[in-house]
Amino acid sequence: MKLIKLDAIDSTNEFLKGISNQQNTENFTVVTAENQTNGKGQRGAVWNSEVGKNLIMSVLIKDFLIHTNAIFNLNIAFSLAVISTLIKKNIPDLSIKWPNDILSANKKIGGILIENIIKSDGTILSIVGLGLNVNQTNFEGLPKASSLAVVTGKEFDKEKLLLDIITNLEMNVAASKLNPASLRQQFVAALYKKNIPMPFTNQKEEKFMGIIQGISPVGRLQVLLEDDSVAEFDIKEIQMLY
């Protein structure tokens, strides 16, 4: 693993994307920054972080995804790498809010953003970004946000967290090539509010009740509806209200 440390950058994902085309860029190259001025989240959200307090990182994954139908397997491998790391740090009530928010109880402590680059020869490069709230304690105006420090009352070594996450990611990538079904089962078991009736809204801003059942082979959320049918949703098609 090659680690590139930056003081400040607009986006670690964009920086890593810029160097990913270099032939000598190693698999699992990691970029971290103490300050990110234009961090991105899902649905076009902007992710803001207090300078020096949180883990801001992006990692390059090569030679894992063979075709686009398996793209969600990387989401599974990385999400579980983060969860496994945090379990060992005694972070309570961990879950994954589909598709890739990391929660402690009902508070968001981390978010993942995966960007895939399909090259002309058909190979897929993936840039996986993680923003993990570690030692920040002020979340004024962000009622659904928290951090490792808030939920445990102690500070953490960000670099040690990073190294543990990458170690777990490498193990999950290897395991996924051999037995992807096992990791998929672990991911589904970790889903936030699985098997619990919850309110949702769709693209038309229509509200409805549903019960999360699992995920489809390509990572779409499977939800049991009030008419006993099971519908599948992509990330832009549904939002949980909690």
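Look up: the structure comes first, before these words.
In this convention, every chain numbers its residues from 1, walking through the sequence in written order. Per-residue local features are limited, in this predicted model, to residues with pLDDT of at least 70; the limit for side-chain atom pairs, both in listing and counting, is 80 or more; totals at the level of whole chains, interfaces and linings are taken over all residues. Calculation of side-chain values draws on the structure's entire complement of heavy atoms; hydrogens and water are dropped beforehand.

## Points about helix H5 (residues 180-189)
Phase 1 of the analysis: For H5, the set of buried residues is Leu 183, Arg 184, Phe 187 and Val 188. The buried residues of H5 all sit within an arc of 140° when viewed along its axis, so they share a single face. For H5, exposure combined with an orientation more than 90 degrees from the buried face picks out Gln 185 and Ala 189.
Phase 2 of the analysis: In this fold, the buried residues of H5 make contact with helix H2 (71-88), strand S6 (94-97), helix H4 (158-178) and strand S11 (207-215). Exposure categories follow from relative accessible area, calculated using a 1.4 Å probe and restricted to protein chains: below 20% of the type maximum is buried, above 50% is exposed, and the middle band is partly exposed. Numbering of helices and strands runs from the N terminus, with a helix taken as a DSSP run of H or I at least four residues long and a strand as a DSSP run of E at least two residues long. Directions are taken from the helix axis to each C-beta atom, and the arc is the one they span. By definition, residues are in contact when any of their heavy atoms lie within 4.5 Å.

## Focus on the packing of aromatic side chains
Phase 1 of the analysis: Between rings of Phe, Tyr and Trp, where Trp is taken as its six-membered ring, a pair exists when centres lie within 6.5 Å; planes separated by under 30 degrees are stacked, by over 60 edge-to-face, and by other angles tilted. Per the stated rule, a full pass over the model turns up four aromatic pairs.
Phase 2 of the analysis: Residues Phe 72 and Phe 187 carry aromatic rings whose centres are separated by 5.5 Å and whose planes lie at 90° to one another, so their mutual orientation is edge-to-face. Of this pair, Phe 72 sits in helix H2 while Phe 187 sits in helix H5; the two residues are 115 residues apart in sequence, bridging distant segments of the chain.
Phase 3 of the analysis: Given the relative accessible area of 10%, Phe 72 is considered buried.
Phase 4 of the analysis: Judged by its relative accessible area of 0%, Phe 187 falls in the buried class.
Phase 5 of the analysis: Each residue in the set Phe 200, Phe 208 and Phe 233 is aromatic and connected to the rest through ring pairs, giving one cluster.
Phase 6 of the analysis: Over the ring of Tyr 242 we find Lys 144, and its NZ or CZ is 4.4 Å from the ring centre. Charge-over-ring contacts are defined here by two conditions on Lys NZ or Arg CZ: a distance within 6 Å of the ring centre and an angle within 35 degrees of the ring normal.

## Quick look at the pattern of salt bridges
Phase 1 of the analysis: Whenever a carboxyl oxygen of Asp or Glu lies within 4 Å of a side-chain nitrogen of Lys or Arg, that contact is scored as a salt bridge. As enumerated under the stated definition, the model contains nine salt bridges in all.
Phase 2 of the analysis: Linking Asp 101 and Lys 108 is a salt bridge whose minimum nitrogen-to-oxygen distance equals 3.3 Å.
Phase 3 of the analysis: Relative accessible area serves as the criterion here: at 28%, Lys 108 is assigned to the partly exposed category.
Phase 4 of the analysis: Where Glu 232 meets Arg 220, a salt bridge forms, and the shortest distance between an N and an O atom there is 3.9 Å. Of this pair, Glu 232 sits in strand S13 (residues 230-233) while Arg 220 is found in the loop between S11 and strand S12 (221-225), placing the two residues 12 residues apart along the sequence.
Phase 5 of the analysis: Judged by relative accessible area, Glu 232 falls into the partly exposed class, the value being 38%.
Phase 6 of the analysis: Judged by its relative accessible area of 23%, Arg 220 falls in the partly exposed class.
Phase 7 of the analysis: Because the salt bridges share partners, they merge into one network encompassing Glu 14, Lys 17 and Glu 115.

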